[in-house]
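Architecture at a glance
Below are the chains, spelled out letter by letter.
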Amino acid sequence: MPVWGISRATEGGRDSMTLSPWRLYLTIAASAIVVYLGALGNGFALDDVPIIATNPLVHHWSGLLDAFSAPYWPATAGAAMYRPLTVAAFALDWQTGQLAWLHGVNLLWHAAVTVTVAALVRRWSGSAGGALVAGVLFAVHPVHVEAVANLVGRAELMAALFALLSVYAALEFDLLGWSCAALVLGVLSKETAAMVPGLIAVGWITGLGRRPSRRRVLAYFASWLCIGVLYGVVRWTILHPYSDQVQVAPVFVGASFAATRLTAVSSFADFARLLLFPLNLRIDYSPAERTLVTTPLDWRFVVGMLCLALWVGLGVLAWRRGHRIAAAGLCWGLLALLPVANILFPTGVLVAERTLYLPSAGLAIAIGAWVKDLPNRRLLPIVALLFLAGGLRAAFRVPVWTSSETVLESVREDSPRSYVSPMSTASSALAGHHPEDAFNEFHVAASRTTGAPKLLALGADAAFTLGRSRVADSLLNELGHICSRCPFYYEFEARAALARGDSSVADSLRVRMSALDRR
């Protein structure tokens, strides 16, 4: 008797799975949602607060349009990045007045991405079983918790869906217009969708889907070029006034080009572990937890290089053995990872679990292709094991994102050498009018990092509050060496001082900021 539409068919003396498409996708979507039902009770955590909870742009219907002329981060929180479609989506959801709705929409985006991953595998492999494995693996992969359970992770979800739809339209139906439209929506959700042309090119090279004529390929390239130029102009226009903001991970501040890349390569050990064995999850991978790698003889670089080489080697091996889908999936995963791996350019973080959302789709596609020919007696236990192991790990991780307090508690437990936790404690102590405690916590945080502009501004705030202006000026001078013209950090702390009633401290910070502007 078939269960959820699953029945057995005999092909060459071997059982294979038959599953009606709509039941296949319904089963996969349900898997993606059930695991994250706990997120419906979550609140605002960390970046959710400035980007959604206290952002006036999100709180009015006008934000649906105004989002396209504003940076992703509000000006009062360090304007940076350009993700207008994500902000507009938050503005639309905010009008419901229900926090659970915002989280529920994240679950729906995740379910849509999961179904699209499964649809690609089913289309290319012709296997419902392979699609089921790929879909369930992606649905419950624990590394996705940060992207799904944290509201601002929606940028990852939206960019991934539009990226996959762009690939689907190009490779399966050769629909240039629809593919380009999805690409535009993707990059307006998050910059990582800009890798779509590379993903489509890999599909052409590996022979997936339709193979366009040379003239058609040129039309794709011309369209991508036009989109890239137009997007670049718009992005520059919006973000140019805020170009003085530091957009690199603290561990990279002051680091040489070589040290930055050596450290970036070493992080591939983290990427491999998180994708293949996501048992230990963390929120913060800060400098004291992941220190700078300055020589290729460092064991961390060696391990990271081995992981990268193994990734590439598996892709080449799959290609040589005729496993085109698996080869494409591995290549896609690597391409999707490049924009966030600090290889091409430094980014704001060294490692962040949310950034593995789109790369993990390539892994799911590869694994789905590898198991597509397995008989039911071997395939169904794999699906059950994936759902139970991955689903339980993800479900128990979801409550970590209930609030900023629960997140920071997790940081203290998972990353005891992180500077983020004592920095947050210092900020709370200042807000509670305990400047001496704040300054002590600042010293703890400062002992764990040397390149965090926000921390230096916070320390100066505490020093001014204690009447130690010379110490404060020393910290601001250090901030000036890191970022020669970064008035945001002064203004942010000045606003914090005013909020707690320390107008003299706010004046001191703004006087220094004015002197900075005159340089």
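Details of the structure are given in the entry above.
The text that follows walks through the structure, step by step, so that each part is easy to find.

Side note on the side chain of asparagine 150
Note on placement: asparagine 150 falls in the loop between α7 (145-149) and α8 (154-173). A distance of 3.4 Å separates a polar side-chain atom of asparagine 150 from the backbone oxygen of alanine 45.

Some points on the packing of aromatic side chains
The geometry of two aromatic rings is summed up by the distance between their centres and the angle between their planes. Scanning the entire structure with this criterion turns up 11 aromatic pairs. A ring pair is formed by tryptophan 204 and tyrosine 220, whose centres lie 5.2 Å apart and whose planes are at 75°; its orientation type is edge-to-face. Here tyrosine 220 lies in helix α11 (residues 214-239) and tryptophan 204 lies in helix α10 (residues 196-206), a separation of 16 residues in the sequence. Of the two residues, tryptophan 204 and tyrosine 220, neither departs from the other in class, the shared state being buried. By way of ring pairs, the aromatic residues Trp204, Tyr220, Phe221 and Trp224 are connected into one cluster. The ring of tyrosine 72 is capped by arginine 83, whose NZ or CZ atom sits 4.9 Å from the centre of that ring.

Things to note about the environment of valine 444
Along the chain, valine 444 falls in helix α20 (residues 435-446). Here the alpha-carbon distance between valine 444 and proline 422, two residues 22 residues apart in the chain, equals 6.5 Å.

A short note on the state of the cysteines
Evaluated as defined, the whole model comprises 0 disulfides. In this structure cysteine 226 is a free cysteine whose sulfur lies 9.1 Å from that of cysteine 180, the closest cysteine sulfur available. Assessed through its relative accessible area of 54%, cysteine 226 is described here as exposed. No disulfide involves cysteine 307; its sulfur sits 18 Å from the nearest other cysteine sulfur, which is in cysteine 331.

Here's the deal with a nonpolar patch on the surface
A cluster of nonpolar side chains, Val34, Leu37, Leu40, Phe387, Leu388, Leu392 and Phe396, forms an exposed patch at the surface whose accessible area comes to about 670 Å². Top element by residues in the nonpolar patch is helix α17 (residues 376-397). It accounts for 4 residues. As for its position among the elements, phenylalanine 387 is in helix α17. A relative accessible area of 30% means that phenylalanine 387 is categorised as partly exposed.

Examining the environment of proline 56
One can find proline 56 in the loop between α2 (48-53) and α3 (63-66). Placed 18 residues apart in sequence, proline 56 and proline 74 show a C-alpha to C-alpha distance of 8.8 Å.

Observations concerning helix α6 (residues 128-140)
The terminal C-alpha atoms of α6, which comprises 13 residues, lie 18 Å apart, in line with the 18 Å expected from a rise of 1.5 Å per residue. The element α6 is extensively covered by neighbouring structure, given that 13 of its 13 residues are classed as buried.

Some points on helix α18 (residues 404-414)
Within α18, burial applies to Ser404, Val407, Leu408, Ser410 and Val411. Along the axis of α18, the buried positions cluster into a sector of 155°, meaning they face one direction only. Away from its buried face, by an angle of more than 90 degrees, α18 presents the exposed residues Glu405 and Glu413. Buried residues along α18 sit against α2, α17 and α19 (420-431).

Focus: unusual backbone geometry
A positive phi angle, near 55°, is found at aspartate 174, a position not held by glycine. Its place among the elements puts aspartate 174 in the loop between α8 and α9 (176-187). Located in the positive-phi region is histidine 433, a residue other than glycine, with phi close to 65°. For histidine 433, the location among the structural elements is in the loop between α19 and α20.

Thresholds applied
Residues numbered from 1 in each chain as written. Predicted model: local features only at pLDDT ≥ 70, side-chain atom pairs only at ≥ 80, totals over all residues. Heavy atoms only, no water. Helix = DSSP H or I, 4+ residues; strand = E, 2+ residues; numbered from the N terminus. Polar contact = N/O pair within 3.5 Å; in protein donor to acceptor, adjacent residues only side chain to side chain. Phe/Tyr/Trp six-rings, centres within 6.5 Å; stacked < 30°, edge-to-face > 60°. Buried < 20%, exposed > 50% of the residue type's maximum accessible area, 1.4 Å probe, protein only. Lys NZ or Arg CZ within 6 Å of the ring centre and 35° of its normal. Disulfide = S-S within 2.5 Å. Patch = residues over 30% accessible without salt bridge, like charges linked within 9 Å, V, L, I, M, F, W, Y side chains within 5 Å. Areas by Shrake-Rupley, 256 points an atom, 1.4 Å probe, with all protein chains shown as cover. Salt bridge = Lys/Arg side-chain N within 4 Å of Asp/Glu carboxyl O. Expected span 1.5 Å × (residues − 1). Arc of directions from axis to C-beta. Contact = heavy atoms within 4.5 Å.

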